[in-house]
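Descriptive structure summary
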Amino acid sequence: MHDGPEHHENATPQPDETDGFSRRSVLRTAGIAGAGLGLGAFAGGTAQAAPGEPAAASAAAAAPKRQGETMIGVPFEGRATVRVGIIGLGNRGGSMIDLFLAIPGVRVVALCDPVKDKTAAAAKKVTDAGQPAPATYTKGEHDYEKLLERQDVDFVYVATPWELHFPMAKAAMLSGKHVGVECPIAMELRELWALVDLSERTRRHCMQLENCAYGKNEMRVLRMAHAGLFGELLHGAGAYNHDLRGLMFDPEYYEGPWRRLWHTRLRGDLYPNHGFGPVANYMDVNRGDRVTHISSFGTPALGLAEYRKANMPSGDPSWKETYIGSDRTISLVQTAKGRVIRLEHDVSTPHPYSRINSLGGTKGVFEDYPERIYLEPEHTDDEWKDFGDYAEWDHWLWKEHSDPPGGHGGMDYIMIFRLMQTMQLGLVPDFDVYDAATWTAPVPLSHASIKAKGAPQEIPDFTRGLWKKERPGMDSEKPEG
C-alpha cells in the first residue's frame, strides 16, 4: 500500500505501495519464498502457474474446520507503551515511521531492511525523536526472523513487496506478535485462510492496514450511512485507478521490478483494498452482511508494453517481460443482502487519480472525485449538492485531529493513531483478520473469474458464519478519559 499514490485529491499522487524489502533481488526472493514459505505457484512468475484458477478458487471457498476460537471481539492486552518493530523501510515504511514516532506512548525498538542506508536513515529518525537507538537487522533476506525473536516487540509493521506479506505476517504471529501489513495482505486464497487460522490459534491480531478506510470523506460517509441518511443501502463502488506507469519503470523508486512483475502473473485486480475496504465498512460486511460472489472482466494488457516501447531503452531488462494483467479490471461483488459493489483497478493507462468511493441507497447517493451528494427529502431539484455541508457528521477522530500530520491527507496518521490507541487502552481493534482476508480475496478471485470469462467466483466466509451478528467496526465511539 502504500507509498501511497496520494489518497487525497488535493495532494500530489505517489504510488500506493511499499518497496521496503527485498527490492534488489525480487525474483530470487520470490523463488525462495515460494519454495520455503508457501507461495507455491507464484514463485515461478508465469501466467499458467498463477493461483486462482477456477477449480482452485472453488475448493478454497469451502471453510476449513476452525482450529481455534474466533478473534471477533477480542481486545488487545492493553499497555502503557506499545513497542514497535518495522520490517521494510522503503518509500512506505521509511515515511510511516515518522507517524509511529509522533504518537505518545509508542516506541520504535527494532528496524529491518537489507538496504543498510535505508535502515540507518530510519534509525536516525528514532534517535532524533529522543528515543533510544533501535536494534537494526540488515543481514539479508531473512534477518527479519531475528527481529521477530525479540521479546520487547508488541507489534510488527510490515511494509515490503507483496509476495513477502504472507510469510512475514505468518512468522510474526508464530513469534507471538500482533502484526499489521500493508495491502494486499496475501496473494492466494489458501494464504488468506492460513492467516485466519493462525490468528485464531495464536490469539494474535493480524490486520490489513487499509488507510483509505480512515479517510475524512470515507469516515463521514460511514457515519451518515449508519445514521440512515442514505436509507436502505443498495450499491457502492470503489477503485484504485492511478497511473503508475512511470513509477513502475523507475528503478530508483522501487529498487527492483517487483511491482511491475505482478502484471506478468495475474490478470485480475491486483490492489482491491483501497476501494473495497471503505465500501465494505459502509455496508457492515462481516458485521451483519457478507460478500458472497465476484464476477470480473478485464481489458487487454497494452498499457505497460506501450509505455515501455516509448520510454525504455532496448537493453532494459523489462523487454523480457510479457504483461498479462488487464489494463482495467471491473468487478461486480454481490452481498448476502443483495447489494452490489463495483470495483475497478487500473494502474497502466493515463487518467487522473480516483478511488470512485460511491454509496447509494433508497434516500440518495454520494460520489467522490469530485465529492458531491444528493439526499432526499432535503434535495429535490436533481442537482448535486456540496458535501462540505455535512461536516457535522465527521468522525470523532477527524474532529479531534483536524490537521493530522503525514501523507495522504492525514489518513495515515489517523489509522496509526487509532491502532496504537486501541493497543494502549486494551480495546477491540476497528478491523480484524476476517476483514483483511475479505478485502484481499478479490486478488485471486478476480483473476479466476477473468480466466473463466466472467464466471462468478464464490467469496469465502472467513468468519465461518459469525458475519450474521452485528458488531462494532470502523464507526467507533471515542474512548473515555
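The structure displayed is predicted, hence computed values, not measured ones.

Turning our attention to the overall build of the protein chain. Broken down by element type, the protein chain carries 17 helices and 14 strands. Split into buried and exposed, the 481 residues of the protein chain put 62% on the buried side. The contacts of the protein chain with a sequence gap of at least 6 include a subset with a gap of at least 24, amounting to 77%. Of the roughly 17500 Å² of accessible surface on the protein chain, a fraction of 52% belongs to carbon and sulfur atoms.

Looking now at the sheet that holds strand β1 (residues 82-87). A sheet is described by the order of its strands in space; here six strands give the open sequence β3-β2-β1-β4-β5-β6, paired in parallel fashion. Pairing within the sheet leaves two strands with one partner each, and these edge strands are β3 (135-137) and β6 (206-208). Taken pair by pair, the neighbouring strands of this sheet meet at an average axis angle of 25 degrees, ignoring direction.

Time to look at the sheet that holds strand β9 (residues 329-335). In spatial order, the strands read β13-β12-β11-β7-β10-β9-β8-β14; together these eight strands make up an open sheet with mixed pairing. This sheet does not close on itself; its edge strands, each paired only once, are β13 (372-375) and β14 (457-458). Contacting β8 (291-298), β9, β10 (340-346) and β14, helix α17 (residues 442-451) runs over the sheet at an angle of about 55 degrees to β8.

This part covers the packing of helix α16 (residues 433-440) against α17. Between α16 and α17, the shortest axis-to-axis distance is 6 Å and the interhelical angle comes to 25 degrees. Taken as axis vectors, α16 and α17 run roughly parallel relative to one another. Within the contact between the two elements, α16 uses T438, W439 and T440 and α17 uses P442, V443 and P444. Per-class residue counts for the contact of α16 with α17 are four nonpolar, two polar and no charged.

Okay, the confidence of the model for the protein chain next. The predicted model of the protein chain averages 89 in pLDDT, with 87% of residues at 70 or higher. Low confidence marks residues 1-60, where pLDDT is under 50. Its contacts with residues over four positions away, or in another chain, come to 221 contacts.

So, about the pattern of salt bridges. In the structure shown here, the tally under the stated rule is 29 salt bridges. Within the structure, one salt-bridge network assembled from shared partners comprises E77, R79, R83, D154 and R204.

Most of α16 sits out of view: eight of its eight residues are buried. Among the residues of α16, those classed as buried are V433, Y434, D435, A436, A437, T438, W439 and T440. Buried residues along α16 sit in contact with α7 (189-202), β6, α12 (273-282), β8 and α17. Two or three places before Y434, at the opening of α16, D432 has a side-chain oxygen 3.1 Å from that residue's backbone nitrogen.

Each value, and the rule that gives it
Residues numbered from 1 in each chain as written. Predicted model: local features only at pLDDT ≥ 70, side-chain atom pairs only at ≥ 80, totals over all residues. Heavy atoms only, no water. Helix = DSSP H or I, 4+ residues; strand = E, 2+ residues; numbered from the N terminus. Buried < 20%, exposed > 50% of the residue type's maximum accessible area, 1.4 Å probe, protein only. Contact = heavy atoms within 4.5 Å. Areas by Shrake-Rupley, 256 points an atom, 1.4 Å probe, with all protein chains shown as cover. Pairing = 2+ DSSP bridges. Axes fitted to C-alpha atoms, helices over the stretch in contact; angles between N-to-C directions. Parallel < 35°, antiparallel > 145°, perpendicular 65-115°, else oblique. Nonpolar A, V, L, I, M, F, W, Y, C, P; charged D, E, K, R; others polar. pLDDT = per-residue confidence, 0-100. Salt bridge = Lys/Arg side-chain N within 4 Å of Asp/Glu carboxyl O. Polar contact = N/O pair within 3.5 Å; in protein donor to acceptor, adjacent residues only side chain to side chain.

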